[in-house]
Amino acid sequence: MIVLLGVLVVILGFATRRNPLLVVGVAGIVTGVLGKLSPDEILKTFGESFASSRSVTIFAITLPVIGLLERNGLQQQARTLIGKLGNLTTGRFLTLYLLLRQLTAAVGLQTIGGPAQSVRPMIAPMAEAAAERRNGGRPLPRAIRDKVRSHAAGADTVGVFFGEDIFLAIGSILLITGLVDATYHAHLEPLDLALWAIPSAVCAFLVHGARLLRFDRALERELVVANAELDVEESAK
């Protein structure tokens, strides 16, 4: 049981807001030492875990690539593109992205989007540009800009969460079928779960899509108030 002290290292590290990668690494070393593993065995375990979980550490490649794209004008190009679509509001754009995210997740393309891959460099700037166009080209106040960004991230999360269970080979589907078969001795086909996930995905799209469309009206009201306050401040100067 003493090897479980590695879990305590993780808890203390996160509680003191240390670097997550450093905390997990130290916890792994502590667990290995308490488990009487040699330094070579600990290093071998780290290497095997890294090799078997390359999809988890792929961010080490994707983040620099996204950074280079942003530095070379990816966000500006995204804003320019949304500016050419005059009738596309922030809510309508995010509703379309929600639908796209659900459809791609339903066919197993969960990692095609995400907060780092698509929301920050493309989706959020495009949603902000649509709001700025409705605001007469004036920059958005910080609070409203943060709200637009949060809705962009929310559309991505809701889309992938309710869309991925339609894909038969997703981990959650296999986990549920395996648990039911082992615990209740009832044979459950992955296809059955996937089919039942379709009504949930449709309801999620209708509910969250309505929230995004309603966000347009709330955004217009907030912009009117913010612009009025800004005009008062400028006149007072």
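Up top you'll find the structure we're talking about.
Residues numbered from 1 in each chain as written. Predicted model: local features only at pLDDT ≥ 70, side-chain atom pairs only at ≥ 80, totals over all residues. Heavy atoms only, no water.

For helix 2 (residues 20-34), built from 15 residues, the straight-helix expectation of 21 Å at 1.5 Å per residue is met to within 8% by its first-to-last C-alpha distance of 21 Å. For helix 2, the full list of buried residues reads V23, G25, A27 and G32. With its phi angle positive at about 60°, K36 sits one or two positions after the end of helix 2. (Helix = DSSP H or I, 4+ residues; strand = E, 2+ residues; numbered from the N terminus. Expected span 1.5 Å × (residues − 1). Buried < 20%, exposed > 50% of the residue type's maximum accessible area, 1.4 Å probe, protein only.)

Here we take up the side chain of T104. Of note, T104 is situated in helix 6 (residues 90-106). Take T104: its relative accessible area is 13%, and that puts it in the buried class. The contact partners of T104, leaving out residues within four places of it in the chain, are L109 and I112. (Contact = heavy atoms within 4.5 Å.)

Taking 1.5 Å of rise per residue, 20 residues should cover 28 Å, yet helix 7 (residues 115-134) covers just 25 Å from first to last C-alpha, more than 12% shy of that figure. Maximum bend of helix 7: about 35°, positioned at I123, with proline P125 one to four residues after it. Directly beyond the C-terminal end of helix 7, a positive phi value near 75° is found at G136. (Bend = angle between axes of the 7 residues up to and from the residue.)

This brings us to the packing of aromatic side chains. The description of an aromatic ring pair rests on the distance of the ring centres and on the angle between the ring planes. One pass over the full model with this rule turns up one aromatic pair. With a centroid separation of 5.1 Å and 75° between ring planes, the pair formed by F161 and F162 is classed as edge-to-face. By relative accessible area, F161 is classed as exposed at 51%. (Phe/Tyr/Trp six-rings, centres within 6.5 Å; stacked < 30°, edge-to-face > 60°.)

Axis separation between helix 6 and helix 7 bottoms out at 8 Å; the angle between their running directions is 150°. Our classification of the angle between helix 6 and helix 7 gives roughly antiparallel. Every residue of helix 7 that contacts helix 6 at T90, F93, L94 and Y97 is listed here: S118, V119, I123, M126, A127, A130 and A131. The residue inventory of the contact of helix 6 with helix 7, partitioned by class, reads nine nonpolar, two polar and no charged. (Axes fitted to C-alpha atoms, helices over the stretch in contact; angles between N-to-C directions. Parallel < 35°, antiparallel > 145°, perpendicular 65-115°, else oblique. Nonpolar A, V, L, I, M, F, W, Y, C, P; charged D, E, K, R; others polar.)

Structural measurements only, silent on function.
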